[in-house]
Amino acid sequence: MKIQMNVNGQERILDVPPLRRLIDILREDMGLVAAKIGCGEGECGACNVLVDGEAVSACLIPAVQIDGCRIVTLEGLATSNDDALAALHGAFLEHDASQCGACIPGIVMTCRGMFDDLRNRRPSEAEVRGLLAGHLCRCTGYEAIVRGILKWLEMKSEP
Amino acid sequence: MTQADRNEPRRRNASKLFYGTEPFVDDLPAQGDWHGGTVRSRIAHGRLIRLKFSPEFDWSQVVVVTAADIPGKNLVVCHEEDQPSLCDGTIRHYGEPLALIAAPDGELLHKALRAVEPVVEPLPAVFDPFESLKGETRIFGKDNLFLEIPISKGHAAKQFASCDVVVETNHFTPAQEHAYLETQGMRATLEGNGVRIEGSMQCPYYLVAGVARLLGIPETDVRVSAMQTGGGFGGKEDFPTMLAGHAALLARKCGRPVRMIYSRSEDMAATTKRHPAWIRRKTGLSRAGQFLAMELDVVLDGGAYATLSPFVLSRAALHAVGPYRCDHVSICARAVATNHPPNGGFRGFGCPQVHFATETHIEACAEKLGVDPVELRRMNLMKPGDAMPFGQLLGPGTYPGVVLDEALHRSRFEERRAEIEAKNRTSERRTDSGDFEKRGIGLAMFMHGTGLNAYWEKSVRSRVRLAATAEGQVCVLTAQAEFGQGTLTALAKIAAESIGLADSDILIDHPDTALVPDSGPTVASRTVSIVGSLIHEAASRLRQHIEERAGLAAIYDPRRLKAAIASCVSGGDSMVFEAEYSPTDDTDDANTWAPPNAYPAYALGCCVAEVKIDTLTGEIGVVDVHMICDAGAVVCHRLATNQVFGGAVQGIGWALTEKLAWNESGGMRNASLSDYAIPSAADVPEIHAHFLDDQHSERYRYPIGLGELPMEGPGPAIANAVAMATGRRPRRLPISPEWIVCSQGPEES
Amino acid sequence: MSRTFADAKVHTPANLEEALDFLANHANEGWKPLAGGTDALVPIYRDGAEPTTPWLNLQKLRPELRFVRRTSNGFEIGALATISDLMANRDLCETYPIVRQCCQHFASPAIRHRATVAGNLANASPASDIAPVLLALEAEIESANHAGRRFVTLDAFWTGYKATVLAPDELIVSVRIPHRDLAANASMFRKVAPRASNSIALLNCAAIGTRDSAGTWTNVRIALGCMGPVPMRARKVESAVEDHRFDDTCREEAKALLQSTLRPITDYRATAEYRMLAATNLVSAFLDRTAGNWHS
């Protein structure tokens, strides 16, 4: 079937089978490999991308459901002079939040997806942990990631 | 300034990892690759009569590889030569590879895999190692015993009679899934007369040996490039040898690059796990609390093939007593074959199992004697010069007691314990208060010897190489893989400091066996300690050479040094320096599994954990964790601290939620990340990590392996905390809510 | 290239009317509605099941069916409202704190953006996280076929394990939470699972009620998940405590009633014995609490 979507600002028309997964369309058909495949069942968050502004797991979304949608991947964010992303990058590097790196791009997308909601308030550490509950990481114990996010939000709330 | 704030180099590839541009094997462009898959057994034990290929499928579209197609030896190269790469007629575990298929796309591969039906004749299977030892079902050798390691010191059996108190306990620790976030993946390409392997791995040279033997080609015709590897934890130590062999067989048959990327469920069902362990511990004490005699039985379920079981068993046996002194010890450690899929290396490598037994057993001893378990530990902890059961003396500067004291101090253990005792008393039986919570605090000591044991470390003959460039930079060439531990960053820092160059003038990349010497496997917490020391040695030679050649003064700045290196190279000097691991001590040469000087040094740790228990549901929450580690010099504090956080959380999962269920064929039943629950950020507390490293002692001049250590503390510390909260001692992991509230959970039946 | 699922059959109607007409004309072909897909597609994507079911993709019905609103009779949740939509409706979450508590334990933020309330109910899993809360709030399902609409109370909606009253030509249109006359001053949602969220429940429990200063309970509604083939109300317990104080006699009666009506199973996650004990403890703890507003 033909689907139309906007990927990282570009209008695309693709001819794909209706149940082909969004993650495969991005990674294989478009070569956008920043999103990783961890579990294939929406459990680990490694494949999260933004669909219409919300971070969702691309391994559970069939082609037929992205027709007409706006998709943003980490590649798109990275080339869009996104201040929030740059700040998160700084905070994550400072805390060494990435170890093997397989989970990080998905976490970055979730953080970016929550940004508008989080920018006006200071979530507690416990809240940040709750917001990360859809991400599995086996290297970091989450500590550096949580600290990195708290630091990021601190930076953003400064005038 | 906290320990992590020091001016240290950042993780070398941090930015690429953040943006997702550091490629993992499945991120490589398609390049016309075919996709490989595996036909697996669904029974635990039996004969493979034949493979039935459905006539409805057009087999001309794909290639199929069976054992008959193997040009070399049908073997997964490891210690014992018992594991075939593809089934040789006898199926010994669920998920065993029977045949391989490659297809131009995933859809076709899926259909082809479904069109093969193994015709089998089942045999009785045995999943219990004690049952297996009876030998009624033959799996390995004549007695199903992969290895037995006896260690004896003094006369334990005799000594028990003169002890005031004897305490005996049984313990069980479960299998654990590595759950690295990137599943196993490998790509094979035909190159020249041989094959090129790219993939996810810990030990590139293991793959060289394995693929060469399987294909019957010289090792020089196999080139292995490790990609960024998405977590390993020991799970990518031996298994990638098999997967690389499979990809190579398929590439050879179809004449194209083949990539094999396991799905999560295939990865969990088919790859190794932490060895389940049954441990019986018996200790005789004096009235005052001194350990007088010990007897230990350790039984590991090795699964159907030996893989790394002998090595895991060796480490378990050598660490079985923990950091305690006892003059009369008798240890019997056995690794037994069963029809489970093979168990293999996993962070801690036998240590988490024995430390769980030791640290929960000690609490039972303290209870029997009516003494404070902290005091009982303190009284019996080793000091430098004390001998371990296999003869090694604890090295200078190694003070488990100092680690214990630091942990008590930093966690305010005794104060907190008193507060919790008081609160647990008052909250009892007040159902209307809404307070259905009990708390407990517990601690555990643990230790981890660095590197492979002395016999094996010596036999590897690790080599590293430094090569200077015309720009005056220095390449660090080792076979050490990067899978999140920070190999590239830490080894570069060691080189930079040892040479005296800026960190940015050190070049290091993922290992490619076409370029790097064999510096041994990336395992056993040996990267920074053993390989790092070789880099230091080679770097010292380089520096000495430059000082002599360029006539540099003893003190110079990094830029002048860089210029001097550049001019040497431009002047035709090859500027390549190697170092090889070659200990002069030959006392260990004959003893494979329990050499007298087993490890060059021991890292030490103490974990304090506080738990809360919901008395309605039995749910257990970890609310506070302190990790005190003594691993010699810490090369990169930030990276090391994060290793401790990650290890601690892996230990929490092992202790509480990672319940591995088996199907009737002995395979993993809950082979998904939704059913096998590793902790999320919301399930663990903030963790406090502290290193003992800034003292004026020889011990802190060099790094001691750290990678595995932090995994080993939380299990027993949590069990001890739960015991305080509930008044019942967990003898098994994971500790389930069910065990807390029901008189008898399924674990005890 | 990874799997294409090229054999899968999907139809995407443009609006509700078209969807119902399509179902009317293809009632015997096994078309299955596809809403968020977060559970429905897992057997295919994760477990390699053949995509033999033809799917009716409801995505284009979002403009009609994605809403959460207050009406004169209570709250109305459109069939394509997501779990995130529920959490974003402050009015609903403040009126019934258990709704937000439950949603916070529901899968993960990313899944909550896709998973729909109606899909979760239609999926008819005994482990549904949202089901006990909606049962305790006495929700109704509004469904439609090409001929018209009908209402069925939620506790009559499930007919057995993974089975509902919906006919093959029928779709859920909305889920309605009726207005409660008496403001509840106590409510509870508890999910017992290996992880705080993003985990399949071992059991879950939602309860709501009003307790006066003398300790007498009225309008108690208790619902439990994983305690039988479908999520269920504990109606006998509700009746037993209505207009009663939860004294020792009442506690024993409630316990006996739970044990005679609940039918938990033993699986590798937990035993029936454990589920029964934990459920009994949670219900007793709710009813044991002293007066005053509390929502936990």
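Remember, predicted model here, so these are calculated numbers, not experimental data.

A.B. asks: What am I meant to see in the sheet that holds strand β2 (residues 32-34) of chain C here?
C.D. replies: By way of backbone hydrogen bonds, the strands of a sheet pair with one another, either parallel or antiparallel. Residue and element names in this part refer to chain C. The parallel open sheet is built from three strands, whose spatial order is β1-β3-β2. Of all the strands in the sheet, just β1 (10-11) and β2 have a single pairing partner and so form its edges. Pairing geometry for β2 and strand β3 (residues 55-57), over three bridges, is parallel. Paired with K32 across the bridge in β3 is W55.

A.B. asks: I'm lost on the packing of helix α5 (residues 204-215) of chain B against helix α6 (residues 239-254) of chain B in this one. Help?
C.D. replies: Two measures define how a pair of helices packs: the angle their axes make with one another and the distance between the axes. Residues and elements named next belong to chain B. At a closest axis distance of 9 Å, the pairing of α5 and α6 adopts a crossing angle of 45 degrees. On the basis of their axis angle, the class for α5 and α6 is oblique. Crossing of α5 against α6: the hand is right-handed. Here Y206, L207, G210, V211, L214 and L215 of α5 come into contact with α6, specifically with P240, T241, A244, G245, A248 and R252.

A.B. asks: When you look at helix α16 (residues 558-570) of chain B in this model, what are you seeing that I'm missing?
C.D. replies: Because an α-helix packs 3.6 residues into every turn, residues spaced three or four apart end up facing the same way. All names here are of chain B. The terminal C-alpha atoms of α16 lie 18 Å apart, and with 13 residues this matches the ideal 18 Å at 1.5 Å per residue to within 8%. Taken as a whole, α16 has its buried residues at L561, K562, I565 and C568. For α16, the arc enclosing every buried residue in end-on projection is 125 degrees, short of the 170-degree limit, so these residues lie on one face. The outward face of α16, more than 90 degrees from its buried face, is lined by the exposed residues R559 and S570. For α16, the elements touching its buried residues are β17 (463-468) and α15 (527-550).

A.B. asks: Is there a simple way to think about the domain arrangement of chain B in this case?
C.D. replies: Often, the extent of an interface is quoted as the loss of accessible area on bringing the components together. Residue and element names in this part refer to chain B. As far as domains go, chain B holds domain 1 (25-123 + 184-261), domain 2 (129-177 + 274-353), domain 3 (393-449 + 596-748) and domain 4 (462-580). For domain 2 and domain 3, the distance between their C-alpha centroids amounts to 22 Å. Taken together, the contact pairs 21 residues of domain 2 with 24 residues of domain 3. Elements that contribute at least two residues to the side of domain 2 that touches domain 3 include exactly β8 (165-173) and α9 (351-369). Tallying contributions element by element places β8 first for the side of domain 2 that touches domain 3, with five residues. Looking at the side of domain 2 that touches domain 3 residue by residue, the classes come out as nine nonpolar, ten polar and two charged.

A.B. asks: Honestly, the nonpolar core in this entry has me stumped. Any pointers?
C.D. replies: One recurring pattern in soluble globular proteins is that nonpolar side chains are buried together. Counting residues in each nonpolar core, the largest one holds 407 residues, and the members touching the most others are B:A495 and C:V283. Setting aside residues up to four positions removed in sequence, B:A495 forms contacts with B:L466, B:V474, B:V476, B:I506, B:I535 and B:A539.

A.B. asks: What is the right way to read the pairing of strand β5 (residues 74-78) of chain C from this model?
C.D. replies: The side chains of a regular strand alternate, first on one face of the sheet and then on the other. All names here are of chain C. Judged from the four bridges that link them, strand β4 (residues 68-71) and β5 form a sheet pairing that is antiparallel. Pairing of V68 across the sheet is with I77, part of β5. Counting the residues in the hairpin turn of β4 and β5 gives two residues. Sheet analysis places β5 next to strand β10 (residues 171-178), joined by five bridges and oriented antiparallel. Paired with G74 across the bridge in β10 is P178.

A.B. asks: Looking at this structure, how should I read the interface of chain A and chain B?
C.D. replies: Contacts between chain A and chain B engage 43 residues on the former and 44 residues on the latter. For the side of chain A that touches chain B, the secondary-structure elements that each account for two or more residues are α2 (74-78), α3 (83-95), α4 (104-118), α5 (125-131) and α6 (143-157) of chain A. Considered class by class, the residues forming the side of chain A that touches chain B number 24 nonpolar, ten polar and nine charged.

A.B. asks: Where do I start with the confidence of the model for chain C in this structure?
C.D. replies: Caution is warranted with low-pLDDT regions, since their predicted coordinates should not be read in detail. Averaged over all residues, the pLDDT of chain C is 94; the fraction at 70 or higher stands at 97%. ipTM for the predicted complex: 0.98, alongside a pTM of 0.97.

Thresholds, definitions, all that
Residues numbered from 1 in each chain as written. Chains lettered and ligands numbered in written order. Predicted model: local features only at pLDDT ≥ 70, side-chain atom pairs only at ≥ 80, totals over all residues. Pairing = 2+ DSSP bridges. Helix = DSSP H or I, 4+ residues; strand = E, 2+ residues; numbered from the N terminus. Axes fitted to C-alpha atoms, helices over the stretch in contact; angles between N-to-C directions. Parallel < 35°, antiparallel > 145°, perpendicular 65-115°, else oblique. Left-handed = near helix turned anticlockwise from the far one by under 90°. Contact = placed C-beta atoms within 7 Å. Expected span 1.5 Å × (residues − 1). Buried ≥ 20, exposed ≤ 12 C-beta atoms within 10 Å, placed from the backbone. Arc of directions from axis to C-beta. Domains from an automatic or database assignment. Nonpolar A, V, L, I, M, F, W, Y, C, P; charged D, E, K, R; others polar. Core = buried A, V, L, I, M, F, W, Y, C linked by C-beta atoms within 7 Å. pLDDT = per-residue confidence, 0-100.

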